[in-house]
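Single-letter residue listing:
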Amino acid sequence: MAATEETITEILPPIRHWPALRLNGVDFDPVLTELMREGPLTRIQLPDGEGWAWLVTRYEDVRMVTDDPRFSREAVMDQPVTRLGFLDPPDHTRLRGAVAAAFTAQGVERVRETSRRMLDELVDELVQDGPPADLTAAVLTPFPSAVICELMGVPAPDRHGMHTWTRLILSSSHGAKAGERARDEMGAYFGDLIGLREGSSGEDVTSLIGAALGRGEVTLEEAVGLAVLVQLGGEAVTHNSGQMFYLLLTRPDLAERLRAEPEIRPRAIDELLRWIPHRNAVGLSRIALEDVGIRGVRIRAGDAIYVSYLAANRDPDVFPYPETIDFSRGPDPHLSFGSGPHHCPGQMVARLTCALLVDALLDRLPGLRLAVEPERVPFRRGASVRGPEALPVTW
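Residues numbered from 1 in each chain as written. Predicted model: local features only at pLDDT ≥ 70, side-chain atom pairs only at ≥ 80, totals over all residues. Heavy atoms only, no water.

A few words now on the packing of aromatic side chains. Any aromatic ring pair is given by two values, namely how distant the centres are and how the planes are angled relative to each other. Enumeration according to the criterion identifies five aromatic pairs in this entry. Centre to centre, the rings of Trp52 and Trp54 are 5.4 Å apart; their planes meet at 85°, and the pair counts as edge-to-face. Cluster of aromatic residues (ring-pair linked, three or more members): Trp165, Tyr189 and Phe190. Above the plane of the ring of Trp52 lies Arg43, whose end atom (NZ or CZ) is 4.5 Å from the centre. Directly above the aromatic system of Phe319 lies the positively charged group of Arg274, at a separation of 5.3 Å from the ring centroid. (Phe/Tyr/Trp six-rings, centres within 6.5 Å; stacked < 30°, edge-to-face > 60°. Lys NZ or Arg CZ within 6 Å of the ring centre and 35° of its normal.)

Pasting the structure below:
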């Protein structure tokens, strides 16, 4: 809740350094745990000498900051932007509206059966090749990519190239130039595809964007930026599902309960999504457009502020015993898909992808287990989104 002016303090908390730790497996960041205990608002040192920013960790405050138009994404940039992640309403609302129909329950249901068939084929190949296998390479990487391509309307022959671009853009190991070139190539591809579908009546994302372009509701630059953002968003499901299955394979009691009680799987997936540490550090900042009071602290106009969805998901006032994975937890209003106008539009397709993976892998491979010791599973380094590089399994 915003504090009244009479109770606002001008005493600033000390600036804390938040190192980029090499975290193992699904370990929660211990520095973030310390920051959560120190108070609802702390100040953190930004990388590369950029100064400091506020960090909000309590669930209620995270919801307030992400919903409050006084905290702006667009103000972070000192130039006009068309990338959806940096826009504020009403432009942000206008662009999201162009693709909203693809992410409704009906829109996601449209790709369910095709997605299930694609997954069955991948698991067929996995079983045919036999153990041991890398579950990340065999299933967890190609399947989410195929689902998002299906939703986007990317033709099947182009999907391998789309996946290659995505990996180059999101991985730091290939260098910044390779990522920039891949983004330019992906943008050019979508520019051509959207142009071909201008005025389309199709239900896939590129057809919806093409139709919006034809009606003059978006510019071509906005259309391409929107398509690239949605496509890249599908990659996060690979890493989230990788963490989910690493957790299930290192906690076989959880996996066995899901096998024995399939009816609890939707609720259990939400609890796993709440619990797994999706990312390192925090995402995009916001800028205060005017002075705002939060919990008795004055956030001054021009201050940068970050929210931690990971911390909000461990707020004991909302999630009793937050360190415990509780499949009976309900309701489970986690913020793993964000909050406010910038919440992830693809949360329903992410849930669908995770649900299909859990059904297929737990039911078809009852003996599925890690092929190496848990500490030998390699996790991604130097990436904002956490997840295993490989998941060696046998059955």
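Resuming the write-up.
Further remarks concern helix H12 (residues 235-250). Here H12 is 16 residues long and its end C-alpha atoms lie 23 Å apart, about the 22 Å a rise of 1.5 Å per residue gives. The buried fraction of H12 amounts to 14 of the 16 residues, a majority that puts the element mostly inside the structure. (Helix = DSSP H or I, 4+ residues; strand = E, 2+ residues; numbered from the N terminus. Expected span 1.5 Å × (residues − 1). Buried < 20%, exposed > 50% of the residue type's maximum accessible area, 1.4 Å probe, protein only.)

This part is about the pairing of strand E3 (residues 52-56). Of all five residues in E3, four are buried; the element is thus mostly enclosed. Across five bridges, the pairing between strand E2 (residues 41-45) and E3 is antiparallel. Among the inter-strand pairings, Arg43 is bridged to a residue of E3, identified as Trp54. With three bridges joining them, E3 and strand E9 (residues 304-307) adopt parallel strand pairing. Paired with Val56 across the two strands is Val307, which belongs to E9. (Pairing = 2+ DSSP bridges.)

Let us look at the sheet that holds strand E4 (residues 71-72). Either a parallel or an antiparallel arrangement is found when strands of a sheet pair, and the pairing is made through backbone hydrogen bonds. The six strands are arranged E1-E2-E3-E9-E6-E4 in an open sheet whose pairing can be described as mixed. The outermost strands of the open sheet, each flanked by one partner alone, are strand E1 (15-16) and E4. Against the sheet, helix H2 (residues 59-67) touches E3, E4, strand E6 (286-288) and E9, its axis set at about 125° to E9. (Contact = heavy atoms within 4.5 Å. Axes fitted to C-alpha atoms, helices over the stretch in contact; angles between N-to-C directions.)

Moving on: the side chain of Gln243. Within the secondary structure layout, Gln243 lies in helix H12. For Gln243, the contacting residues outside a window of four places in its chain are Val26, Ile276, Pro277, His278, Phe379, Arg386, Gly387 and Pro388.

For the rest of this paragraph, the subject is the sheet that holds strand E5 (residues 133-134). The antiparallel open sheet is built from three strands, whose spatial order is E5-E11-E10. Of all strands in the sheet, those bounded by a partner on one side alone are E5 and strand E10 (369-370).

Moving on, we get to the layout of surface pockets. In this structure, the second largest pocket occupies an estimated 740 Å³ of space. For the second largest pocket, the lining is made up of 29 residues, of which Trp18, Ala20, Asn280, Ala281 and Val282 are closest to its centre. Residues of the lining of the second largest pocket, tallied by class, amount to 13 nonpolar, eight polar and eight charged. (1 Å grid on protein atoms, 1.4 Å probe; cavity = no way out; pocket = protein on both sides within 12 Å on 5 of 7 lines; lining within 4 Å. Points joined across faces, edges and corners; volume = space filled by probe spheres on them. Nonpolar A, V, L, I, M, F, W, Y, C, P; charged D, E, K, R; others polar.)

With that settled, consider the pairing of E2. Regular strands have side chains that alternate between both faces of the sheet. Within E2, four of the five residues are buried, which leaves it mostly tucked inside the rest of the structure. Following the chain from E1 across helix H1 (residues 30-38) to the adjacent parallel E2, one finds a crossover that is right-handed. (Right-handed = clockwise from strand over helix to strand, strands pointing away.)

Counting across every chain of the model gives 24 salt bridges. Between Glu256 and Arg259 there is a salt bridge, and its shortest N-O distance comes to 2.7 Å. Of this pair, Glu256 and Arg259 both sit in helix H13 (residues 252-260), three residues apart, which is roughly one turn of the helix. Judged by relative accessible area, Glu256 falls into the partly exposed class, the value being 43%. (Salt bridge = Lys/Arg side-chain N within 4 Å of Asp/Glu carboxyl O.)

By the criterion of burial, helix H10 (residues 205-214) is predominantly enclosed, with nine of the 10 residues buried. Along H10, the residues that are buried comprise Val205, Thr206, Ser207, Leu208, Ile209, Gly210, Ala211, Ala212 and Leu213. Where H10 is buried, its residues meet helix H3 (91-99), helix H7 (142-152), helix H9 (176-196) and helix H11 (220-233). Following H10 by one or two positions, Gly216 has its phi on the positive side, about 80°.

Let us now look at the nonpolar core. Grouped together as the largest cluster of nonpolar side chains are 82 residues, with contacts concentrated most on Leu135, Phe190, Phe245, Leu361 and Leu391. In terms of residues, this core owes the most to one element, helix H16 (residues 347-364), which gives 10 residues. Those residues in contact with Leu361 that sit more than four places away from it in its chain are Val123, Leu135, Leu140, Phe245 and Leu368. In terms of nonpolar packing, the next biggest core, distinct from the first, is built from 18 residues, Val62, Met64, Val65 and Leu335 among them. (Core = buried A, V, L, I, M, F, W, Y, C linked by side-chain atoms within 4.5 Å.)

Within the secondary structure layout, Asp359 lies in helix H16. Dropping the residues within four chain positions of it, Asp359 is found in contact with Arg265 and Arg364.

In this section: the environment of Gly283. Looking at the secondary structure, you find Gly283 in the loop between helix H14 (265-275) and E6. C-alpha separation for the pair Gly283 and Val385, spaced 102 residues apart in sequence, amounts to 9.6 Å.

In this model, the chain carries a mean pLDDT of 89, and residues with pLDDT of at least 70 account for 93%. Below pLDDT 50 for its whole length, residues 1-6 participates in 11 contacts with residues either more than four positions away or in separate chains. (pLDDT = per-residue confidence, 0-100.)

Turning next to the packing of H12 against H16. The geometry of H12 relative to H16 is characterised by a closest axis approach of 11 Å and an angle of 40° between their N-to-C directions. The angle between H12 and H16 places the two elements in the oblique class. Of the two elements, H12 crosses H16, and the hand of that crossing is right-handed. Residue-level contacts link Val237, Ser241, Met244 and Phe245 of H12 to Ala350, Thr353, Cys354, Leu357, Val358 and Leu361 of H16. Tallied by class, the residues present in the contact of H12 with H16 amount to eight nonpolar, two polar and no charged. (Parallel < 35°, antiparallel > 145°, perpendicular 65-115°, else oblique. Left-handed = near helix turned anticlockwise from the far one by under 90°.)

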